[in-house]
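Inside the fold
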Amino acid sequence: MTITSHVDPIALKRIRFDSVFRILPNGTIRPLTKVQIGGFTLGPTVAFSSDVSFGGVKLAKYAGHDLQVEEKDGEVVVKGVYK
């Protein structure tokens, strides 16, 4: 008898920063959907300044770059940034 363990591979995607975040005219950043980054979960009602760090990473620094994400339970989980 063979026992097969089924493990779903993590489906990482490359998406544009502006498909997940919007930079408002006053310079604050707002998620367009529910997002997890650096262990923090943010929703569309949350806006934060460009000086805020998540897990030691200043997100505003990567505006215009692509993000490596996993979509999990209706949430976008940011795993990395393409430079």
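Structure's up top.
Presented here is an overview of the structure given in this document. (Residues numbered from 1 in each chain as written. Predicted model: local features only at pLDDT ≥ 70, side-chain atom pairs only at ≥ 80, totals over all residues. Heavy atoms only, no water.)

1. Regarding the pairing of strand β9 (residues 75–82)
Both strand β4 (residues 35–37) and β9 contribute to a ladder of two bridges, which runs parallel. Each bridged residue has a counterpart across the sheet, and for valine 35 the counterpart in β9 is valine 76. Pairing between strand β8 (residues 66–72) and β9: seven bridges, direction antiparallel. Residue pairing for β9: glutamate 70 is matched across the bridge by valine 77. Connecting the antiparallel pair β8 and β9 is a turn made up of two residues, with aspartate 73 showing a positive phi of about 55°. (Pairing = 2+ DSSP bridges. Helix = DSSP H or I, 4+ residues; strand = E, 2+ residues; numbered from the N terminus.)

2. A look at the sheet that holds strand β5 (residues 40–42)
The strand order β1-β8-β9-β4-β5 describes an open sheet built from five strands, whose pairing is mixed. If you trace the sheet from one side to the other, it starts and ends with β1 (12–16) and β5, each paired once. Strand-to-strand twist in this sheet, taken as the mean axis angle between neighbours without regard to direction, amounts to 35°. (Axes fitted to C-alpha atoms, helices over the stretch in contact; angles between N-to-C directions.)

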